[in-house]
Amino acid sequence: MAKPAPNQDVKPAVKIRRATEADWPRIMEVLEGANFHHIGGPEMPSFPLSDCFVADLEGVVIGVGGYRILDETTAKTTLLAVDPAYRGRNVGGALHQTRQDFLRDQGIKELYTNADDERVVEWYLRFFGYQRTGKVIPKVASFGRDDKDEWINLVAKL
Ligand SMILES: CC(C)(COP(=O)(O)OP(=O)(O)OC[C@H]1O[C@@H](n2cnc3c(N)ncnc32)[C@H](O)[C@@H]1OP(=O)(O)O)[C@@H](O)C(=O)NCCC(=O)NCCS
């Protein structure tokens, strides 16, 4: 299906929903837009569809956000990416808020996130209650921004 024009106001029409197998090709395209498509590699051994949400604009996936539950009270986010043509319109914010609210409802108290972009870090700190843990995690393969060698580790107390 053709992608809707990026210059329209996407907000009212975007639905955040669970992913299905049929979404895989678009999910991979969206992940590729952030160099996050190396699923099966050392940075992201797997990305189960059961543990992610997608942003759907008129039947077209324009964003994806995943998570992994580590134990009864701890989880980490996995991948969050929005098609570059639709960034800056709260699609990423809606995806992250949905996964964070879901995890809180599951009893998760600590949510960890890694980001390699200082603007993304500031976004998590400003809007979603995150703090820096002070840890940085070296990348082991190309993933995300290739001009950044490490992940900045963040935590939100839900
Ligand atoms: C991070 C990301 C998902 C945000 O999606 P989005 O739909 O643009 O987010 P929102 O519209 O809800 O929020 C936009 C705000 O995020 C901030 N922001 C976060 N990352 C940014 C970036 N790389 N470039 C510009 N602004 C960014 C800005 O404050 C921006 O506000 P502004 O447009 O008024 O300047 C998207 O930029 C993306 O896919 N980035 C590449 C992958 C990535 O780094 N993912 C996060 C991994 S933890």
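In the block above lies the structure referred to throughout.
Residues numbered from 1 in each chain as written. Predicted model: local features only at pLDDT ≥ 70, side-chain atom pairs only at ≥ 80, totals over all residues. Heavy atoms only, no water.

On to the overall build of the protein chain, then. Broken down by element type, the protein chain carries three helices and seven strands. When the helices and strands of the protein chain are placed in sequence order, the string is β-α-β-β-β-α-β-α-β-β. Each principal axis of the C-alpha atoms in the protein chain carries an extent, and together these give about 40 × 35 × 30 Å. In the protein chain, which comprises 158 residues, the share counted as buried stands at 42%. Across the protein chain, the mean location of the 21 positive side-chain charges is 4 Å away from that of the 23 negative side-chain charges. (Helix = DSSP H or I, 4+ residues; strand = E, 2+ residues; numbered from the N terminus. Buried < 20%, exposed > 50% of the residue type's maximum accessible area, 1.4 Å probe, protein only. Lys, Arg positive; Asp, Glu negative; His and termini not counted. Charge placed at Lys NZ, Arg CZ, Asp CG, Glu CD.)

What surrounds the ligand is a group of 18 residues, the closest being Leu-80, Gly-88, Asn-90, Gly-92 and Gly-93. One nitrogen or oxygen atom from the main chain of Gly-92 is found 2.8 Å from an oxygen atom belonging to the ligand. Here the ligand, which alone exposes 880 Å², has 75% of that area covered by the protein. Elements that contribute at least two residues to the shell around the ligand include exactly strand 4 (74-82), helix 2 (91-105) and helix 3 (118-128). Here the shell around the ligand is built from residues that sort into nine nonpolar, five polar and four charged. (Near = heavy atom within 4 Å. Polar contact = N/O pair within 3.5 Å; in protein donor to acceptor, adjacent residues only side chain to side chain. Areas by Shrake-Rupley, 256 points an atom, 1.4 Å probe, with all protein chains shown as cover. Nonpolar A, V, L, I, M, F, W, Y, C, P; charged D, E, K, R; others polar.)

Moving on to the packing of aromatic side chains. One pass over the full model with this rule turns up 10 aromatic pairs. Ring plane angle 65° and centroid distance 6.4 Å describe the contact between Phe-127 and Phe-128, whose orientation is recorded as edge-to-face. Residue Phe-128 is classed as buried on the basis of its relative accessible area, which comes to 9%. Grouped by ring-pair contacts, the aromatic residues Trp-123, Tyr-124, Phe-127, Phe-128 and Tyr-130 constitute a single cluster. Over the aromatic face of Phe-102 sits the side chain of Arg-18, whose NZ or CZ is 4.7 Å from the ring centroid. The cationic tip of Lys-139 hangs over the ring face of Trp-151; the distance from NZ or CZ to the ring centre is 4.5 Å. (Phe/Tyr/Trp six-rings, centres within 6.5 Å; stacked < 30°, edge-to-face > 60°. Lys NZ or Arg CZ within 6 Å of the ring centre and 35° of its normal.)

If you walk through the whole model with that rule in mind, you get 11 salt bridges. For Arg-104, the salt bridge identified is with Asp-101, shortest N-O distance 3.1 Å. You can see Arg-104 and its partner Asp-101 sitting in helix 2, three residues apart, about one turn around the helix. Close ionic contact of Arg-132 with Glu-122 constitutes a salt bridge, the shortest N to O distance being 3.1 Å. Remark: Glu-122 occurs in helix 3 and Arg-132 occurs in strand 6 (residues 130-138); sequence separation between them is 10 residues. By relative accessible area, which is 42% here, Arg-132 ends up partly exposed. A residue is classified by how much of its surface remains accessible, and Glu-122, at 39% relative accessible area, is partly exposed. Among the charged side chains, a network of salt bridges with common partners joins Arg-17, Asp-23 and Asp-56. (Salt bridge = Lys/Arg side-chain N within 4 Å of Asp/Glu carboxyl O.)

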